[in-house]
Amino acid sequence: MTMKPGNLDAGATAPLLPKVNPSDDLTSRCGASISGAVFNVSTSMIGAGIMSIPATFKVLGVIPGFLIIVIVALLVDVTVEFLLRYTNSGKSVTYGGLMAESFGKSGSVMLQVCVIMTNLGALIIYLIIIGDVLSGNQSEGTMHLGILQEWFGIHWWNSRACALLFIVLFVMLPFLLYRNIESLKHASAISVLLAVLFVAICSTMAIYAMWRGKTQRLRLVPDFANGVSVFNLFTTFPVFATSFACHGNVHPIRAELSRPSDMSSAVRISLVLCVVIYFSVGFFGYLLFGDSIMADILVNFDQNFHSALGPLLNTTVRLSYAIHLMMVFPVINFSLRANVDELLFSGKPPLATDTSRFVSLTCVLLAIIYLMAIAIPNIWYFFQFMGTTTIMCLMFIFPGAIILRDVLGISTRRDKIMAVMVIIVAVGTSLIAISYNVYSSIKNK
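Calculation criteria
Residues numbered from 1 in each chain as written. Predicted model: local features only at pLDDT ≥ 70, side-chain atom pairs only at ≥ 80, totals over all residues. Heavy atoms only, no water. Helix = DSSP H or I, 4+ residues; strand = E, 2+ residues; numbered from the N terminus. Buried < 20%, exposed > 50% of the residue type's maximum accessible area, 1.4 Å probe, protein only. Areas by Shrake-Rupley, 256 points an atom, 1.4 Å probe, with all protein chains shown as cover. Expected span 1.5 Å × (residues − 1). Salt bridge = Lys/Arg side-chain N within 4 Å of Asp/Glu carboxyl O. pLDDT = per-residue confidence, 0-100. Contact = heavy atoms within 4.5 Å. Core = buried A, V, L, I, M, F, W, Y, C linked by side-chain atoms within 4.5 Å. Bend = angle between axes of the 7 residues up to and from the residue. Phe/Tyr/Trp six-rings, centres within 6.5 Å; stacked < 30°, edge-to-face > 60°.

**Re the overall build of the protein chain**
Then, in step 1: In terms of regular secondary structure, the protein chain is built from 18 helices and two strands.
Then, in step 2: Evaluated residue by residue, the protein chain yields a buried proportion of 54% over its 445 residues.
Then, in step 3: If you sum the accessible surface of the protein chain, you get close to 18800 Å²; carbon and sulfur atoms cover 67% of it.

Written as structure tokens, this is what we have:
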């Protein structure tokens, strides 16, 4: 396997995933398909954030909720296009290489740190939620049983630690040992289909409740008369931003396409798919549960729907989401592992060619994620932190900064205006959201 040379040091320009020599396998000879790229990009986006989308509709109302989903998708399209245009025009083939071209080694390191923090945090959150689904959790003194405990009762072998250890060793690890992201396209396809299944079940339950006259009253706009403040609205933006985060995986997926120019189309198709999924989940989830909806919609599926199929649907929703996260996990891990390797072992041979380093790094990272998922009792503060800091940098601030720096001299006046607007939106919403969350925490003590 060889790494495409660049005009900067290897640590700055090494791809998130090494290029595969054409003699290695059939996938490399043929190149990845655009459908595989669509599934991988969509899987990068559809993660834990989807469960919080309905709760944002409770704050925003249906119409502003839909508008913000579309606005964030358009901003993501703009910033991904920024990255791809500079990639196609210059010698850098990675996000880190672009940052190094524009801001030197410090820019590349800043990006790698943000990618590592974001991906590590996301994978910990995924594992925590999988543990909640399988083994339950305890919140505010109330014990919520997991699927395994509902089926078999409470035993030591279906505790959170044991259930997650089994998943990590026998489900996660085999997927993580794949060295080519195209090899995960089938897992990604299953992940997207499970997300669609979740939408279908929510929609069916909402339509059934509507037929029985049991749906909740929808608000089309924010309810400012009953305690919702303007600042509340800004706390929803990080949730939507987190739900569309894919920038760290754009270059690895592009590197394996038979025609790299297809990457823009793959991203746009993925964005349209995610807009449809997110609005459907938000609308039907809010229609089904109304103002009683929780920050994690899975909690609401503990309720009794007064139907013989209710328990089956509840189990199907929770289990399908847990499997969805298991399929997302290895795709996100590719970016995490490659960036940790570049940060710690720059100048070494490509990771995929060094079996001992590849396996050791994979196992160490997985062990850290497992231990932190067991130790951390609550995911939501960290979820908010990522959505207002590292994810904003990766999605909006860094791409905008590359355009404004314009080391290749290809940015138009319109590009620079868009870059300034994107940065202002990202920084402004993040500062307001962080300030309001801090104020609310202090006020509630």
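**Examining unusual backbone geometry**
Glycine aside, a negative phi is what most residues show, and trans is what most peptide bonds show.
Then, in step 1: Notably, Asp-406 is not glycine yet its phi reads approximately 50°, a positive angle.
Then, in step 2: Summarising the element assignment, Asp-406 is placed in the loop between helix 17 (390–405) and helix 18 (413–444).

**Some points on helix 13 (residues 263–289)**
Then, in step 1: Given a rise of 1.5 Å per residue, 27 residues ought to cover 39 Å, and the 38 Å separating the end C-alpha atoms of helix 13 matches this to within 8%.
Then, in step 2: Helix 13 sits mainly inside the fold: 19 of its 27 residues count as buried.

**Some thoughts on the pattern of salt bridges**
Then, in step 1: Counting across every chain of the model gives eight salt bridges.
Then, in step 2: Residue Asp-132 is joined to Arg-160 by a salt bridge in which the shortest nitrogen-to-oxygen separation is 2.3 Å. Of this pair, Asp-132 sits in helix 6 (residues 95–135) while Arg-160 sits in helix 8 (residues 160–176); the two residues are 28 residues apart in sequence, bridging distant segments of the chain.
Then, in step 3: For Asp-132, a relative accessible area of 21% translates into the label partly exposed.
Then, in step 4: With a shortest N-O distance of 2.7 Å, Asp-341 and Arg-357 are connected by a salt bridge. Taken as a pair, Asp-341 in helix 14 (residues 310–345) and Arg-357 in helix 15 (residues 355–375) lie far apart in primary sequence, 16 residues in all. With respect to class, Asp-341 is no different from Arg-357; both count as buried.
Then, in step 5: Salt bridges sharing partners connect three or more residues here, namely Asp-77, Glu-81 and Arg-268.

**With respect to the confidence of the model for the protein chain**
Then, in step 1: Taken residue by residue, the protein chain gives an average pLDDT of 80. The fraction at 70 or more is 82%.
Then, in step 2: Per-element mean pLDDT across the protein chain ranges from 39 in helix 1 (residues 10–13) up to 93 in helix 17.
Then, in step 3: Contacts for the low-pLDDT stretch residues 1–29, under 50 throughout, to residues beyond four places or in other chains number 67 contacts.

**Quick notes on the nonpolar core**
Then, in step 1: By size, the foremost hydrophobic cluster in this structure holds 105 residues, and its most contacted members are Val-76, Leu-127, Phe-244, Tyr-278 and Phe-396.
Then, in step 2: Top contributing element to this core by residue count: helix 13, with 14 residues.
Then, in step 3: With residues near it in sequence (within four places) discarded, Leu-127 still touches Leu-164, Val-168, Met-172, Ile-369, Tyr-370 and Ala-373.
Then, in step 4: Residues Leu-98, Met-99, Cys-114 and Val-115 belong to the second largest nonpolar core, which totals 16 residues.

**Topic: helix 17**
Then, in step 1: At Ile-397, helix 17 shows its strongest bend, of approximately 35°, with the proline Pro-399 following within four residues.
Then, in step 2: For helix 17, a buried count of 12 out of 16 residues is recorded, marking the element as mostly surrounded by other parts of the structure.
Then, in step 3: Of the positions making up helix 17, those classed as buried are Thr-390, Ile-391, Met-392, Cys-393, Leu-394, Met-395, Phe-396, Phe-398, Pro-399, Gly-400, Ile-402 and Ile-403.
Then, in step 4: Directly beyond the C-terminal end of helix 17, a positive phi value near 50° is found at Asp-406.

**Some remarks on the packing of aromatic side chains**
Then, in step 1: Under the defined criterion, the tally for this structure stands at nine aromatic pairs.
Then, in step 2: Centroid distance Trp-151 to Phe-152: 6.2 Å. Interplanar angle 85°. Geometry classified as edge-to-face.
Then, in step 3: Residue Phe-152 is classed as partly exposed on the basis of its relative accessible area, which comes to 46%.
Then, in step 4: Seen in terms of ring centroids, Phe-283 and Phe-284 are 5.3 Å apart; in terms of plane orientation they differ by 80°. Their pairing is edge-to-face.
Then, in step 5: On the accessibility criterion, Phe-283 (23% relative accessible area) is partly exposed.

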